[in-house]
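Now for the letters of each chain:
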Amino acid sequence: MATKPLSLAVIGANSTSGETLLEVLGATSQSFSTFFPLALEDEGEMVEFRGQDFPILALDEFNWQVPDLVVFCGEDTAAAAQYATIAAESGAAVVDLSGGADAPLAEADARLKKGGVARLPHQVTTILLPVLKALAKAAPFSGLTVTAMLSVSQDGKAAIDELSEQTRALFAQSEVQSHVYPKRMAFNLHPVAGAVDEYGASVEEQRIIGEVASIFTDVPMSLTCARVPMFFGHGISLNVRFAEDISLNTLKAALSDAEGVYFLEAQGSAGLATPQDVIGGDKVWVSRVRASGQGVSMWLAGDNTRLGAMAVLRLLGAAA
């Protein structure tokens, strides 16, 4: 499929994840015959792709018979929920980065196919999985505890703008406005984003737990997703309980050989992986690995928008 020029449609092309996707696809050798940037609402915006400016088009007026490849980006899952099946039934290969499509999670070796929908995992799942798969080769798990500290880019441009405006307002000692988040985000931390159910879990947390459970069945997982005042890049505290004692050397060997993982082992500040370090990178960085008996703790960092875009690129490569 990817050996010939493709007609490409990107829904949410003006979102944070959409812009990163266009940057990644624009740098490849893949040829695109036509490009359609789409959104639920046409607000007269323009997006750039391979040095050209394109106007955002309205979804409800689009001819789904045209594109070969349709990618749903953005933080609003409504577009994928409404149009992913329509696009696939019209003959396109569909990739959902938003999580809104009613489709099973794409397998690690998934291939693009016309009339099919490949739903890619949440950004937190994307960061966790290569590390968990590497660790699982060392010994079986008995439990996972995860605290994901997510940058506001997870919630889109409006969240980025709000953090920026609040930061400026605080330094100017002027009134701080909050619209995206219920409380001030600048110089603050939110222990949840969105509504929670009767048990205190958010939709986002339930989605990630379900995605991890589809790979690691029967492994209990506790997860908290918090929003922190960073623009891009996610940090994750991962605690794994193994079914047997495991040595630190065994863990380090597993991480050093893991695909898609950069194991940072150094003394002092050089050995600390921060979200700032990973921006623009294609791997999950791992540092602060500690082991005691059956337990291991470590710190992960990844570029949330870049890793999703690279997953789309791998699907294209698999189809070549």
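In what follows, the structure referred to is the one given above.
Residue positions are counted from 1 within each chain, in the order its sequence is given. The predicted nature of this model means local features are confined to residues of pLDDT at least 70 and side-chain atom pairs, given and counted, to a pLDDT of 80 or more, with totals for whole chains, interfaces and linings taken over all residues. Side-chain numbers here rest on the full set of heavy atoms in the structure, without hydrogens or water.

**Comments concerning the overall build of the protein chain**
The numbering of helices and of strands both runs from the N terminus, where a helix is a DSSP run of H or I of at least 4 residues and a strand a run of E of at least 2. Within the protein chain one finds eight helices and 14 strands. By the compact-globule yardstick of 20 Å for 320 residues, the protein chain fits well, its C-alpha radius of gyration being 20 Å. Each principal axis of the C-alpha distribution contributes one length, and for the protein chain these read about 60 × 55 × 40 Å. For the protein chain, long-range pairs separated by at least 24 residues make up 66% of all intrachain contacts whose partners lie at least 6 apart in sequence. In the form shown here, the protein chain has an accessible surface area of approximately 15,000 Å², with 50% of it arising from carbon and sulfur atoms. Positive and negative side-chain charges of the protein chain, numbering 21 and 37 respectively, have mean locations separated by a distance of 8 Å. Atoms counted for the radius of gyration: C-alpha only. Globule rule: 2.2 Å times the number of residues to the power 0.38. Every residue pair with non-hydrogen atoms within 4.5 Å of one another is taken to be in contact. For every accessible area listed, the method is Shrake-Rupley and the probe measures 1.4 Å; residues are considered covered only by the protein chains on display. Positive charges are assigned to Lys and Arg, negative charges to Asp and Glu, while His and the chain termini are left out of the count. A single reference atom marks each charge: NZ on Lys, CZ on Arg, CG on Asp, CD on Glu.

**A look at the sheet that holds strand S12 (residues 261-263)**
The six strands lie next to each other as S10-S9-S11-S14-S13-S12, forming an open sheet whose pairing is mixed. Because the sheet does not close on itself, it has two edges, and the strands there are strand S10 (221-227) and S12. When the angles between neighbouring strand axes are averaged without regard to direction, this sheet yields 20°. Strands qualify as paired when DSSP identifies two bridges or more between them. In this structure, S12 lies alongside strand S13 (residues 284-292), joined through three bridges in parallel fashion. In the sheet register, Phe-263 faces S13, and the bridge partner there is Val-286. For helices, the axis comes from a line fit to the C-alpha atoms of the stretch in contact; other axes are also lines fit to C-alpha atoms, and the angle between any two N-to-C directions lies between 0 and 180 degrees.

**Looking at unusual backbone geometry**
Of note, Asp-218 is a non-glycine position whose phi angle comes to about 60°, a positive value. Secondary-structure assignment places Asp-218 in the loop between helix H5 (203-215) and S10. Backbone geometry places Arg-288, a non-glycine residue, at a positive phi of 55°. By secondary structure assignment, the location of Arg-288 is in strand S13. Only protein chains enter the accessibility calculation, which uses a 1.4 Å probe. A residue is then buried if its area is under 20% of the maximum for its type, exposed if over 50%, and partly exposed in between. For Arg-288, a relative accessible area of 48% gives the class partly exposed.

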